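The primary structure of each chain is shown beneath.
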Amino acid sequence: MTKPLNQILIAEDVAENREALKLLLKFAGFACLEAADGRAAVETALREQPALVLMDLSLPEIDGLQAVRELRAAGASMPVIMVSAYDAPETQAQARAAGANDYVTKPLDFDHLKIRIAALLAAQAN
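Residues numbered from 1 in each chain as written. Predicted model: local features only at pLDDT ≥ 70, side-chain atom pairs only at ≥ 80, totals over all residues. Heavy atoms only, no water.

A. Spotlight on the overall build of the chain. Secondary structure assignment for the chain yields 5 helices and 5 strands. Burial analysis of the chain (126 residues in total) assigns 44% to the buried set. Contacts spanning at least 24 positions in sequence make up 60% of the contacts within the chain whose residues lie at least 6 apart. Of the roughly 6500 Å² of accessible surface on the chain, a fraction of 54% belongs to carbon and sulfur atoms. Counting 12 positive and 17 negative side-chain charges, the chain places the centres of these two groups 6 Å from one another. (Helix = DSSP H or I, 4+ residues; strand = E, 2+ residues; numbered from the N terminus. Buried < 20%, exposed > 50% of the residue type's maximum accessible area, 1.4 Å probe, protein only. Contact = heavy atoms within 4.5 Å. Areas by Shrake-Rupley, 256 points an atom, 1.4 Å probe, with all protein chains shown as cover. Lys, Arg positive; Asp, Glu negative; His and termini not counted. Charge placed at Lys NZ, Arg CZ, Asp CG, Glu CD.)

Take a look at the structure:
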């Protein structure tokens with residue numbers, strides 16, 4: 001069985017946020033995986049190899065920055081979009097230094113997020 005090319009892992013500890021994002025993504029044609037903490041996000045991403053990861057910055061177990069570092073250290077190359085309410089330039093720089101490909105702030109503008117997802121998936125396909 002091959003994995004869907006449009007599979008997205010949602011790493012978000014707030015169940016309501018995770019569910020809302022999952023519904024929006026499914027409506028937009030994406031298959032979704034979920035993780036409620038940073039450790040589960042790393043394990044799920046390495047096991048399932050999704051096309052893209054939406055990684056919350058503030059997660060239990062390990063935070064999003066450490067989760068991205070671990071993914072990259074393990075050789076995972078799927079794009080990661082860091083998601084956070086923190087919009088400080090230094091936080092965004094930390095996310096990119098950890099290996100995130102992009103950074104979006106909460107509250108999410110879903111149309112903008114879809115554009116960012118599509119751009120990263122298109123770049124990954126080339």
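Next comes the rest of the account.
B. Focus on the nonpolar core. Ranked by internal contacts, the top residues of the largest apolar core, which has 24 residues, are Val53, Met55, Leu71 and Met82. Of all the secondary-structure elements, those providing two or more residues to this core are strand S1 (7-11), strand S2 (31-35), helix H2 (38-48), strand S3 (52-56), helix H3 (64-73), strand S4 (80-84) and helix H4 (89-98). Sorting elements by how many residues they give to this core places H3 first, with 4 residues. If we skip the residues at most four places from it in the chain, methionine 82 touches Met55, Asp56, Leu57, Gly64, Leu65, Val68, Ala95, Ala100, Asp102, Tyr103 and Val104. Core analysis: the next-biggest nonpolar cluster, separate from the first, contains 17 residues, Ile8, Leu21, Cys32 and Leu121 among them. (Core = buried A, V, L, I, M, F, W, Y, C linked by side-chain atoms within 4.5 Å.)

C. Geometry of unusual backbone geometry. Of note, the amide linkage connecting lysine 106 to proline 107 takes the cis form, showing an omega dihedral of 0 degrees. Note on placement: proline 107 falls in the loop between strand S5 (102-105) and helix H5 (110-125). The phi dihedral of glutamine 49 is positive, around 50 degrees, even though this residue is not glycine. Summarising the element assignment, glutamine 49 is placed in the loop between H2 and S3. Even without a glycine there, the phi angle at glutamate 61 is positive, about 75 degrees. Topologically, glutamate 61 is positioned in the loop between S3 and H3.

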